[in-house]
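Okay, here's what each chain looks like letter by letter:
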Amino acid sequence: MPTNNFVESSFWNFDALFQPQQHPARDSHDTFFLDAPSTTKRLPEDYVERVKQIHETGGYESRGYVYDWKREEANKNLLRTHTTAVSSRMLYQLAQKPFAPKKYFSIDRVFRNEAVDRTHLAEFHQIEGLVCDRGLTLCDLIGVLHDFFSHLGMTKLKFKPAYNPYTEPSMEIFSYHEGFKKWVEVGNSGMFRPEMLRPMGLPEDVQVIAWGLSLERPTMILYGIDNIRDLFGPKVDLGLIKKNSICRLGIN
């Protein structure tokens, strides 16, 4: 998926994902909002109106959130908090054509306004994947995740029920970290909700399974690194980079 800049509108980052405008993730303590340009002027108006309706009054057997949705909130620009903002754009584009099954993958930088410690940074890289097809179930998602992470050398996985505004059911993904000697969360996953997919125009029998993880945490598990700042940021040891070979997973 093309991700050619880091600036995104709140509409694609939050609203299109059925994330309510009063959600705490949309607070300035969690998200970096831009001063200039502070707002976007380019949104698909007919789709914006359908998203507004699903938030305010529901649809597709949903009650919505029953609040007054504000366009000025959706127009705000920010540094994207997840690459799912790109997924929402791609799925909307897919919905404008006769449906055909698709798989999308992305790797790019995201930004969170949170405290820095040995497992968290204010900016990091997210890996995202999604499969869009008819007849998909949670069993398909679990199978894909086991296959996906096994190619990264991570075979000890656990799944925990979770909540996301845009997926139901949702699962957090944990992998055992030999260095920490404990289970570490490495990603999140779920099936995109009808409240997200149907306003885009995707057929009612189409489901989307999706997952996202940071690039840094699985790398820490693979190489036994216990501080994320040893991988990314100004404190990285360049000698570590020079002496390690380039990763060529899946390339013969």
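What you see as residue numbers is a count from 1 along each chain, following the sequence as written. Restriction of local features to residues with pLDDT of at least 70 applies here, the model being predicted, together with a cutoff of 80 or more for giving and counting side-chain atom pairs; totals for whole chains, interfaces and linings are based on all residues. Side-chain descriptors were evaluated using all non-hydrogen atoms of the structure, hydrogens and water having been removed beforehand.

**A word on the sheet that holds strand E6 (residues 167–177)**
Thought 1: Across the sheet, six strands lie side by side as E3-E4-E8-E7-E6-E5; this open sheet has antiparallel pairing. The sheet is open, and its two edges are formed by strand E3 (102–111) and strand E5 (157–164), each paired on a single side. Sheet twist, expressed as the average angle between the axes of neighbouring strands with direction ignored, equals 25°.
Thought 2: Bridge count between E5 and E6: seven bridges; the pairing is antiparallel. Residue pairing in the sheet places Lys158 in a bridge with Phe174 of E6.
Thought 3: It only takes one pair of heavy atoms within 4.5 Å for two residues to be counted as in contact. For helices, the fitted line uses only the C-alpha atoms of the stretch in contact; every axis is such a line through C-alpha atoms, and the angle between N-to-C directions lies from 0 to 180 degrees. For helices the rule is a DSSP run of H or I covering at least 4 residues; for strands it is a run of E covering at least 2, with both sets numbered from the N terminus onward. Most of the contacts of helix H4 (residues 84–95) go to strand E4 (residues 123–134), to which it runs at about 30°, and overall it touches E3, E4, strand E7 (182–192) and strand E8 (206–214). By this definition, two strands are paired if DSSP reports at least two bridges between them.

**Some details on the nonpolar core**
If you look at soluble globular proteins, the nonpolar side chains tend to sit buried side by side.
Thought 1: Residues Phe11, Tyr47, Leu91 and Phe192 are the most contacted members of the largest nonpolar core, which totals 30 residues.
Thought 2: Of all the secondary-structure elements, those providing two or more residues to this core are helix H1 (10–13), helix H2 (45–56), H4, E4, helix H6 (194–197) and E8.
Thought 3: Per element, the largest residue contribution to this core is six residues, and it comes from H4.
Thought 4: By nonpolar core is meant a set of buried Ala, Val, Leu, Ile, Met, Phe, Trp, Tyr and Cys residues that side-chain atoms within 4.5 Å join together. Partly exposed residues are those whose accessible area sits between 20% and 50% of the maximum for their type, while under 20% is buried and over 50% is exposed, using a 1.4 Å probe and protein chains only. Listed in part, the 16 residues of the second largest apolar core include Val131, Leu145, Met171 and Ile209.

**Side note on the pairing of E6**
Thought 1: Summarising burial for E6: eight of the eleven residues are buried, a large majority.
Thought 2: Note that E6 and E7 share nine bridges and pair antiparallel. Bridge assignment links Tyr176 to a residue of E7, and that residue is Trp183.
Thought 3: Two successive antiparallel strands, E6 and E7, enclose a turn made up of four residues, where Lys181 displays a positive phi of approximately 60°.

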